[in-house]
Amino acid sequence: MPEVNSNYLSLQKSYLFTDIAHRVAAYKKAHPDQKVISLGIGDVTKPLAPAIIEALHAAVDEMGNAEHFHGYGPEQGYGFLREAVVREYMARGVSIAPDEVFIGDGAKSDLGNFQELFSEQAVVAVTDPVYPVYVDTNVMAGRAGAPLAGGSFERIVYLPCVRENDFVPDFPAKAPDIVYICSPNNPTGTVLGREALAAWVHYARKNGCVILFDAAYESYIVDKDIPHSIYEIEGAQDVAVEFRSYSKVAGFTGLRCSATVVPHSLKVGDGRGGRIELNGLWNRRQCTKYNGCPYIVQRAAQAVHSPVGRSQVMKQVHGYLENAKALREGMQALGLEVYGGVNAPYIWVRTPNNVDSWGFFEHLLNNAQLVCTPGVGFGKSGEGYVRLTAFGTPEDTAQAIERLKSLQL
Ligand code: PLP
């Protein structure tokens with residue numbers, strides 16, 4: 001009988017969203033006449049923009065025609081999409097070659113899979129609170145060490161991001177091999193400014209670290225000074241991989257498409273005293289384990305880069321940002337400390353009166369019929385915060401704000 005990969009047994013059970021669902025179900029059962037509004041969802045609610053639908057229809061028609069049918073595509077993605085990504089970088093003054101761009105089926109898969117390229121001994125650092133995929137995929141690979149009380153892992157380095165450090169991770173005492181950085185951040189909704197990002201690039205260059213930079217929410221950046229890409233920082237191409245997604249900019253959460261950039265100049269030790277490009281290894285990994293994002297989806301993603309498509313999807317993004325602004329102001333009007341929600345669809349609220357995350361969750365549910373996500377579910381440093389998302393409909397968001405007005409803390 002085979003035995004399981006015991007690393008999977010070290011994974012923390014993901015109780016957070018199940019726990020929330022149970023508590024909400026119990027509340028609804030006890031109060032069947034009350035409408036509960038979720039400010040906890042991480043999925044988008046707006047439908048695909050017309051330019052994307054048009055591109056999808058056209059691509060579907062091609063697939064039904066022997067002359068234009070597409071079977072297996074290039075594992076790295078079609079040239080038309082890789083080149084569209086390159087042009088978008090160019091518009092920000094960043095020079096990337098098409099063969100440094102890999103089209104995938106979502107940033108979650110690429111972020112989850114990329115760690116495979118590193119040795120089991122590599123030391124991984126994550127910010128705390130954190131998007132759980134970074135941690136769990138390293139646990140599965142046997143890189144995280146033993147689980148500790150409170151949900152952390154012995155070999156993972158946690159970099160607290162809290163109000164005391166303006167949500168900018170401090171450098172750890174001992175340099176890790178790999179650092180995951182996400183800006184704009186899920187869950188805190190905060191961003192890293194140019195200086196902070198440049199300091200991390202400098203640190204990585206000095207200490208031989210690789211930065212895995214998650215830019216899934218870059219389209220939500222409105223402040224002119226905030227970098228959309230880590231490659232806007234000089235020297236970053238030698239130390240960073242960047243993960244981009246079509247999910248939150250264009251509603252591709254169901255279609256699935258991403259772009260991951262692995263610069264040729266990024267090299268790591270080959271274990272034999274030499275250095276090796278991660279680009280070639282990622283290419284090899286994708287060719288062996290992945291058969292490419294569907295043609296019709298890549299045509300849809302191409303439409304996101306067209307002038308018409310771009311303007312349509314950015315209108316949606318600004319709609320979500322309007323929700324974020326309203327939620328921020330609603331919470332501030334209650335006298336609460338609020339972070340994020342300016343360059344991101346997430347709002348990170350400090351709980352009042354030293355109530356813990358779950359306590360404030362219950363308070364919002366019982367007194368305003370609003371569902372949030374307890375911050376502690378994203379890591380120890382999330383305790384004392386809750387996360388609200390701006391992905392609801394404008395109607396639900398407006399109703400949520402009305403309810404907040406009469407909330408007693
Ligand atoms: N990265 C972060 C920080 C996210 O919050 C999410 C999704 O919620 C993703 C990546 C995944 O994006 P995708 O839908 O492209 O897999």
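Reading the values: the criteria
Residues numbered from 1 in each chain as written. Predicted model: local features only at pLDDT ≥ 70, side-chain atom pairs only at ≥ 80, totals over all residues. Heavy atoms only, no water. Helix = DSSP H or I, 4+ residues; strand = E, 2+ residues; numbered from the N terminus. Rg over C-alpha atoms; globule rule 2.2 N^0.38 Å. Buried < 20%, exposed > 50% of the residue type's maximum accessible area, 1.4 Å probe, protein only. Contact = heavy atoms within 4.5 Å. Areas by Shrake-Rupley, 256 points an atom, 1.4 Å probe, with all protein chains shown as cover. Lys, Arg positive; Asp, Glu negative; His and termini not counted. Charge placed at Lys NZ, Arg CZ, Asp CG, Glu CD. Near = heavy atom within 4 Å. Polar contact = N/O pair within 3.5 Å; in protein donor to acceptor, adjacent residues only side chain to side chain. Pairing = 2+ DSSP bridges. Axes fitted to C-alpha atoms, helices over the stretch in contact; angles between N-to-C directions. Domains from an automatic or database assignment. Buried area = accessible area lost by both parts, 1.4 Å probe. Salt bridge = Lys/Arg side-chain N within 4 Å of Asp/Glu carboxyl O. Nonpolar A, V, L, I, M, F, W, Y, C, P; charged D, E, K, R; others polar. Core = buried A, V, L, I, M, F, W, Y, C linked by side-chain atoms within 4.5 Å.

Caption draft 1: Structural context of the overall build of the protein chain. Secondary structure assignment for the protein chain yields 12 helices and 15 strands. For 409 residues, the compact-globule formula gives about 22 Å, and the C-alpha radius of gyration of the protein chain, at 22 Å, lands near that figure. In terms of principal-axis extent, the alpha carbons of the protein chain reach across some 60 × 55 × 55 Å. A buried classification covers 52% of the 409 residues belonging to the protein chain. Summarising the internal contacts of the protein chain: among those between residues at least 6 apart in sequence, 73% fall at separations of at least 24. Accessible surface, the protein chain as shown: approximately 18300 Å² in total, 52% of it carbon and sulfur. Each charge class in the protein chain was averaged separately, 37 positive and 44 negative side chains, and the resulting centres sit 1 Å apart.

Caption draft 2: Layout of the site of the ligand. The full set close to the ligand counts 14 residues, and Asp214, Tyr217, Ser245, Ser247 and Arg256 are the nearest of them. A distance of 2.6 Å separates an oxygen atom of the ligand from a polar atom in the side chain of Ser245. A distance of 2.5 Å separates an oxygen atom of the ligand from a polar side-chain atom of Ser247. When the ligand sits alone it has 400 Å² of accessible area, and the protein chains cover 91% of it. When residues of the shell around the ligand are traced back to their parent elements, those giving at least two are helix H4 (107-114) and helix H7 (247-250).

Caption draft 3: Seen up close, the sheet that holds strand E6 (residues 210-214). Spatial ordering of the open sheet is given by E2-E8-E7-E6-E5-E3-E4, a layout of 7 strands whose pairing is mixed. Either end of the sheet is taken by a strand with one partner, and the two such strands are strand E2 (101-104) and strand E4 (156-160). Recorded for the sheet is a direction-independent mean angle of 20° between the axes of neighbouring strands. Sheet analysis places strand E7 (residues 240-245) next to strand E8 (residues 258-261), joined by 4 bridges and oriented antiparallel. Note on E8: the bridge partner recorded for Arg244 is Ala259. Packed onto the sheet, helix H6 (residues 194-207) meets E4, strand E5 (178-182) and E6 and runs at close to 150° relative to E6.

Caption draft 4: Spatial organisation of unusual backbone geometry. In this model, Ser183 is joined to Pro184 through a cis peptide bond whose omega is -5°. Among the secondary structure elements, Pro184 is positioned in the loop between E5 and H6. For the peptide bond that leads from Asn186 to Pro187, omega is 20°, which places it in the cis range. Here Pro187 is to be found in the loop between E5 and H6. Look at Asn354: it is not a glycine, yet its phi comes out positive at around 55°. By the secondary structure assignment, Asn354 is in the loop between strand E12 (346-350) and helix H11 (357-368).

Caption draft 5: Geometry of the sheet that holds strand E11 (residues 338-340). What the 4 strands build is an open sheet, ordered E11-E12-E15-E14; its pairing is antiparallel. This sheet does not close on itself; its edge strands, each paired only once, are E11 and strand E14 (373-374). Inspection of the sheet shows E14 paired to strand E15 (residues 385-389) by 2 bridges, in the antiparallel sense. Paired with Thr373 across the two strands is Arg387, which belongs to E15. Strands E11, E12 and E15 of the sheet are contacted by helix H10 (residues 307-333), whose axis makes an angle of about 160° with E11. Sheet strands in contact with H11 are E12, E14 and E15, and its direction is about 50° off that of E15.

Caption draft 6: Region of interest: the domain arrangement of the protein chain. Per the domain assignment, the segments making up the protein chain are domain 1 (6-47 + 309-405) and domain 2 (52-306). Put simply, the middle of domain 1 and the middle of domain 2, counted by C-alpha atoms, are 25 Å apart. Opposite the 35 residues of domain 1 that make contact, domain 2 presents 41 residues. Taken together, the two surfaces of domain 1 and domain 2 that pack against each other cover about 3300 Å², and 58% of this comes from carbon and sulfur. Among the residues domain 1 hides against domain 2, the three largest losses belong to Arg310, Asn343 and Phe378. Together they make up 21% of the total. At the boundary of domain 1 and domain 2, one finds 2 salt bridges. Salt-bridge contacts for Arg310 lead to Glu88; the nearest nitrogen and oxygen are separated by 4.0 Å. Our count for the contact surface shared by domain 1 and domain 2 stands at 15 residue pairs in polar contact (both at pLDDT 80 or more). Elements with a minimum of two residues in the side of domain 1 that touches domain 2: H10, E11, E12 and E15. It is H10 that contributes the most residues to the side of domain 1 that touches domain 2, 8 residues altogether. Residues that form the side of domain 1 that touches domain 2 fall into these classes: 17 nonpolar, 12 polar and 6 charged.

Caption draft 7: Seen up close, the nonpolar core. The biggest cluster of nonpolar side chains holds 60 residues, and the ones touching the most others in it are Ile52, Ile230, Tyr231, Phe252 and Cys257. Sorting elements by how many residues they give to this core places H6 first, with 6 residues. Each of domain 1 (6-47 + 309-405) and domain 2 (52-306) contributes no fewer than three residues to this core. With sequence-adjacent residues up to four places away left out, Tyr231 is seen in contact with Tyr89, Val94, Ile96, Ala236, Gln237, Ala240, Val241, Glu242, Val261 and Pro263. Membership of the second largest hydrophobic core comes to 37 residues, among which are Tyr27, Val36, Val338 and Ile347.

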